[in-house]
Amino acid sequence: MPHVDTHCPYCALQCGMRLDGTSVGPREFPVNAGGLCQKGWTSGALLRAGDRLSTPLVRRGGQLRPASWDEALDLVADRLAGLRRDHGADAVAVFGGGGLTNEKAYQLGKFARVALGTSNIDYNGRFCMSSAAAAGLRAFGVDRGMPFPVTDLAGADVVLLAGANPAETMPPFMQHLRGADLIVVDPRRTPTAEQASLHLAPAPGTDLALALGILHAVVAEGQLEKSFVDLRTGGFDEAWRIAATWWPERVERVTGVAAADQRRAAELLAQAGNAYVLTARGTEQHTTGTATVGAWINLALALGLPGRAGSGYGCLTGQGNGQGGREHGQKADQLPGYRRIDDPAAREHVARVWGVPPESLPGPGRSATELLDALGQDEGPKALLVFGSNVVVSAPRSQRVQDRLSTLDLLVVADFVLSETAALADVVFPVTQWAEEDGTLTNLEGRILLRRKALDPPPGVRTDLALLCGLATRLGQPAERFPTVAETVFDELRAASKGGAADYSGVSYARLRSGEALHWPVPAEDHAGTPRMFLDRFAHPDGRARFVAVDHGGPAEPPDAEFPLQATTGRVLQHYQSGAQTRRIAELTAVVPEAFVEVHPDTAARSGLADGERAVVRSRRGETFAKVRCVASMRPDLVFLPFHFPGSARANLLTNPALDPVSRMPEFKVCAVSLSKADA
Ligand code: SF4
């Protein structure tokens, strides 16, 4: 094959790249403008992974052994049919991923609701983006992470980044911020914070209070954009009633951020010609995540930023298809087109596209954490099918998740390598990876992209779409309901999304192949797409955005005498998510080969630890082992662990599965821990 212009397999920036066989090179594309990070540059090695699966595996006598596709498909279909017959449709659960293409996410939702009839489908985006999605929906009436193109940021005078570390997680993004003063809100002095004009380092779990303090300063200093608030928003008075009680000196006592710095942030934002407020996982992965993102949106609304050309609020989505992955029906509460599953009109529309009676569609199911926790329990699912996810490493309280998986009657995993979750399965299906198939993704700015096939998969490997068709037909579905060609699935997705918030009906593979930049909604084939949303009106019926009254609550698990420190988790430049991909790339593991724990030198010394020694970090849920990295800029009350590593080095052995009541997102970003020296 000649070279192919395509996109990176990893994060939501979806940098444009050129593939020549398995050789990766950059190409001009607006979000990366020729740049790639180290993960992108080395991603061709994934296509040459030495431990690539090329045949289905079936567990026999305790061992995973090669089997034919027919044998494995027959076995799984028989077991699923038996479980459904004996225990009802909800006895089978499906778990998807934010890295799956739009077509796979769509087909997975249809497979669960139509072929299995189960309500139990959710995905790992619940761990990643759901709080920002819920807050965006509440404030604006629709959730598109960035309602403007990334390139607009180049015109900003000031950008506030709350809980976002793009200098490490998506380095090519930083070129768009070159002209701006950065205000970075993060308890750690990250590589992004290093570039800030103002770094605000609140105590972990207190950034909602900090947002209230900055809003208070904006209003107290007479910087409220009153005409915007009056004309284009509602709910300010209720939100202000709470923010009025959070004057900066009070906020300083809770967050540790000096009142003068809060006022400086307010002043910088208010005096900027063009300004943006951007949030990411640091604000979201809390039991107060939706409220915290809401507090940052309130600040942006008070400054009149959203819906103004050259300014705005946006969320930096994490996973490659984090945006599209939450629009097409793999969420427990959702149907394609970003429709609610409990909306009768939505059920009617989608059922018509699927050719089934609306009353046959199940209702809302369990969210990801609740679904995993119910596995194998009374009334819980007895079988789980996992696509594009490695929950044994990525889910909170991960040993409990692993234990739950072991109680299942049937665990089926589709992956291209034997991930830590696949290694526990009863049946593993070897499926294609990014450059071996066509498919669309929707990047962090709501732009729909065609990730093109660049090379053939190894013999024995099939697409996820072919796998779903193989199972669906064995479960009695007509083959034409589960097409295996991505473009055919996309054409059906277009029809299913028509009239929904995320309307793709005017997008076609032909338009994407021609290079058109199409940001949803695209409601007709002659519609140019919507790169900038909200310029005239927000998506609520009255056209106004909503302030939401939110108050500081703090983390679910404060430190105490037994667990006196707080732990936070996150990513490093060289690794991605559970590490199932990046831990297989020698250039990346050469830089970051193993788990580490970042600690202030004084905290390490108090625990009898020195730089480079092995530590054990304990929480109420378990213990994990990591090498100590002494970092002078760390807060003495905080330790940081990357979550990319498996086994006894899993950061998620510690994390707290307590959920945000609105988004059902777990509190990955803060839990109480102790630190000590590991035994030799
Ligand atoms: Fe890939 Fe993201 Fe790196 Fe770009 S920034 S090369 S999309 S991992």
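In the block above lies the structure referred to throughout.
Structural notes, computed from the coordinates. Computed from a prediction, not measured in an experiment: that's the story for all the values here. Sequence order as written defines residue numbering, which begins from 1 separately in each chain. Totals for whole chains, interfaces and linings use every residue, but because this is a predicted model, local features are given only for residues with pLDDT of at least 70 and side-chain atom pairs only at 80 or more, for both listing and counting.

The next thing to look at is the overall build of the protein chain. Secondary structure elements are defined from DSSP: runs of H or I of at least 4 residues count as helices, runs of E of at least 2 residues count as strands, and each element is numbered from the N terminus. Counting its secondary structure elements, the protein chain contains 22 helices and 30 strands. The C-alpha radius of gyration computed for the protein chain amounts to 24 Å, which stays within 12% of the reference 26 Å derived for 680 residues, consistent with globular compactness. Dimensions along the principal axes, computed over C-alpha positions, put the protein chain at roughly 70 × 65 × 50 Å. Residue burial here comes from a neighbour count, namely the number of other C-beta atoms, placed from the backbone, that lie within 10 Å of the residue's own C-beta, with 20 or more meaning buried, 12 or fewer meaning exposed, and in between meaning partly exposed. Counting only residues that meet the buried cut, the protein chain has 60% of its 680 residues in that class. A residue pair is marked as a contact if its C-beta atoms, positioned from the backbone, fall within 7 Å. Excluding contacts between residues fewer than 6 apart, the proportion of contacts in the protein chain whose partners are at least 24 apart in sequence is 72%. For a compact globule the rule gives 2.2 Å times the number of residues to the power 0.38, and the radius of gyration it is set against comes from C-alpha atoms.

Taken together, 14 residues lie around the ligand, and Cys-8, Cys-11, Cys-15, Cys-37 and Gly-40 are the ones closest in. The domain boundaries here were taken from an automatic or database domain assignment. Formed jointly, the shell around the ligand draws a minimum of three residues from each of two domains, domain 1 (4-48) and domain 3 (131-316). Using a C-beta atom placed from the backbone, a residue is scored as near a molecule or strand whenever that atom is within 6 Å of it.

Let us now look at the sheet that holds strand 1 (residues 4-7). Only strands that DSSP links by at least two bridges are regarded as paired with each other. Spatially, 3 strands are ordered 1-2-3 in an open sheet, and the strand pairing comes out antiparallel. Because the sheet does not close on itself, it has two edges, and the strands there are strand 1 and strand 3 (23-26). Here the average twist between neighbouring strands, direction ignored, is 40°. Interaxial angles span 0 to 180 degrees and are taken between N-to-C directions of axes, which are lines fitted to C-alpha atoms, for helices over the stretch in contact.

Taken together, the 5 strands give an open sheet; going across it, the order is 10-9-8-12-13, and neighbouring strands pair in parallel fashion. Each edge of the open sheet carries a strand with a single partner, namely strand 10 (198-200) and strand 13 (312-315). Between one strand axis and the next, the sheet turns through 15° on average, direction left out of account. Note that strand 12 (residues 275-279) and strand 13 share 4 bridges and pair parallel. Of the residues in strand 13, the one forming a bridge with Leu-278 is Gly-314. Sitting on the sheet, helix 13 (residues 289-302) is in contact with strand 8 (158-162), strand 12 and strand 13, with an inclination near 175° to strand 12.

With that out of the way, let us pick up unusual backbone geometry. Glycine aside, negative phi is the norm for most residues, and most peptide bonds take the trans geometry. Between Trp-520 and Pro-521 the backbone carries a cis peptide bond, its omega angle lying at 0°. The residue Pro-521 is located in the loop between strand 21 (518-519) and strand 22 (545-546) in this model. Phi at Gln-14 takes a positive value of approximately 50°, unusual for a residue other than glycine. Turning to its location among the elements, Gln-14 is positioned in the loop between strand 1 and strand 2 (16-20). The buried category is assigned to Gln-14, around which 27 C-beta atoms lie within 10 Å.

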